[in-house]
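Read off the chains here:
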Amino acid sequence: MRIVLLGPPGAGKGTQADILVKKLLVPHISTGDMFRAAISHDTELGREAKSYMDKGQLVPDEVTVGIIRDRISQSDCREGFLLDGFPRTLAQAEALAGLLEEMNISLDAVINISVPLDRLIDRLTGRRMCRKCGTIYHLLYNAPEVENICDACGGDLFQRDDDKEETVKSRLDVYSAQTAPLIDYYREAGLLHDVNGDQPINAVLAELGAALGQNWS
Ligand code: ADP
Ligand code: AMP
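Presented here is a report on the structure given in the accompanying data block.

## Some details on the overall build of the protein chain
Broken down by element type, the protein chain carries nine helices and eight strands. Computed over the C-alpha atoms, the radius of gyration of the protein chain is 17 Å, within 12% of the 17 Å expected from 2.2 N^0.38 for a compact globule of 217 residues. Based on the C-alpha atoms only, the size of the protein chain along its principal axes is roughly 45 × 45 × 35 Å. Looking at the protein chain alone, contacts between residues at least 24 apart form 69% of all its contacts between residues at least 6 apart. Working note: accessible area of the protein chain is about 11,000 Å², and carbon and sulfur atoms make up 48% of it. In the protein chain, the 23 positive side-chain charges and the 33 negative ones have mean positions that sit 4 Å from each other.

This is how it looks when you write it as structure tokens:
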């Protein structure tokens, strides 16, 4: 299956993607994770991406489309993939359509996880991630068993720089201006499924499974 997860920052895309890829057995492709990996390796891509991410802005389309082109042409994507956080602009969506056409493949579904914007600030400022394995937690809504320690691997948890309140506000503005128009774009293409992200993680997963024609309950 070839799936796109759409939704504002903090909607729960990464949380759901981590569970979904274990069920669907396709690679999880998160442009945010790819940029964070490049930053931690201090590559040229990482330095460029960081200058935008720190301000809550989007990394330029040419750069982002370039890394997606390279990634989806790898052999592990032959049977499908789950895109998380890409596309985020109309130009990226059009570039993706062109890439898929060149490869003679198409998307199966676009899932729009919606959460009211005023709930997202809490979700983002309370988010913590494992430095070692990337597992996503929340101080209140999805806390680890031992404070600041990852349940999955024992690694330390940290707060993303762009999850501080000042940056979160810019990211939500960028979402409304540049990414929200993709909802209509994919609805018109007949690919969109709406899922209510403002409910417990397992309930979101069940709705998502139903949208994809799976029964995981
Ligand atoms: P995104 O990838 O869309 O930015 P995340 O999956 O990282 O979002 O989730 C953002 C924050 O909200 C994390 O701290 C996560 O633990 C928490 N979260 C995810 N899904 C839910 C949910 N259904 N209810 C409450 N909190 C959630
Ligand atoms: P995320 O992990 O999806 O919240 O993304 C973190 C940050 O990475 C975003 O705020 C952007 O600065 C950058 N980023 C991730 N995906 C994209 C994308 N598709 N286009 C542009 N910038 C992106």
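## A short note on the packing of helix α5 (residues 90–102) against helix α8 (residues 181–188)
It is the contact of α5 with α8, at a shortest axis distance of 10 Å, that shows an interaxial angle of 35 degrees. The residues of α8 that touch α5, namely those facing Leu90, Ala93, Glu94, Leu96 and Ala97, are Leu182, Tyr185 and Tyr186. When its residues are assigned to classes, the contact of α5 with α8 shows seven nonpolar, no polar and one charged.

## A closer look at the side chain of Asn112
With respect to the element layout, Asn112 can be found in strand β4 (residues 109–114). Looking at Asn112, its side chain comes within polar contact range of the side chain of Asp194, at 3.0 Å. Setting aside anything within four residues of it in sequence, one finds Asn112 in contact with Leu6, Gly7, Ile183, Leu192, His193, Asp194 and Val195.

## Comments concerning the sheet that holds strand β2 (residues 28–30)
Read from one edge to the other, the open sheet built from five strands follows the order β2-β3-β1-β4-β8, with strand pairing classed as parallel. The sheet is open, and its two borders are formed by β2 and β8 (192–196), each paired with just one other strand. On average, each strand axis in the sheet is tilted by 20 degrees relative to the strand beside it, whichever way the strands run. Looking at chain direction, β4 and β8 are connected through five bridges and run parallel. Along β8, the bridge assignment pairs Val110 with Leu192. The sheet contacts of helix α9 (residues 201–211) involve β4 and β8, and relative to β8 the element is tilted by about 160 degrees.

## Let's talk about the packing of aromatic side chains
Working definition: an aromatic ring pair is given by the centre-to-centre distance plus the angle between the planes. Enumeration over the complete set of coordinates arrives at one aromatic pair. Centroid distance Tyr185 to Tyr186: 4.9 Å. Interplanar angle 85 degrees. Geometry classified as edge-to-face. A relative accessible area of 3% means that Tyr186 is categorised as buried. Note that Lys55 overlies the ring of Tyr52, its terminal NZ or CZ placed 6.0 Å from the centroid.

## Regarding α5
Look at α5: 18 Å from first C-alpha to last across 13 residues, which is about the 18 Å you get at 1.5 Å a residue. Taken residue by residue, α5 has Gln92, Ala93, Leu96, Leu99 and Leu100 as its buried positions. Projection of α5 onto a plane perpendicular to its axis shows the buried side chains occupying an angular sector of 120 degrees, all on one side. Looking at α5, the residues exposed on the side facing more than 90 degrees away from the buried face are Glu101 and Glu102. Where α5 is buried, its residues touch β1 (2–6), α4 (61–72), β3 (81–84) and α8. Within two residues after α5, Asn104 carries a phi angle of roughly 65 degrees, on the positive side.

Rules used in this analysis
Residues numbered from 1 in each chain as written. Chains lettered and ligands numbered in written order. Predicted model: local features only at pLDDT ≥ 70, side-chain atom pairs only at ≥ 80, totals over all residues. Heavy atoms only, no water. Helix = DSSP H or I, 4+ residues; strand = E, 2+ residues; numbered from the N terminus. Rg over C-alpha atoms; globule rule 2.2 N^0.38 Å. Contact = heavy atoms within 4.5 Å. Areas by Shrake-Rupley, 256 points an atom, 1.4 Å probe, with all protein chains shown as cover. Lys, Arg positive; Asp, Glu negative; His and termini not counted. Charge placed at Lys NZ, Arg CZ, Asp CG, Glu CD. Axes fitted to C-alpha atoms, helices over the stretch in contact; angles between N-to-C directions. Nonpolar A, V, L, I, M, F, W, Y, C, P; charged D, E, K, R; others polar. Polar contact = N/O pair within 3.5 Å; in protein donor to acceptor, adjacent residues only side chain to side chain. Pairing = 2+ DSSP bridges. Phe/Tyr/Trp six-rings, centres within 6.5 Å; stacked < 30°, edge-to-face > 60°. Buried < 20%, exposed > 50% of the residue type's maximum accessible area, 1.4 Å probe, protein only. Lys NZ or Arg CZ within 6 Å of the ring centre and 35° of its normal. Expected span 1.5 Å × (residues − 1). Arc of directions from axis to C-beta.

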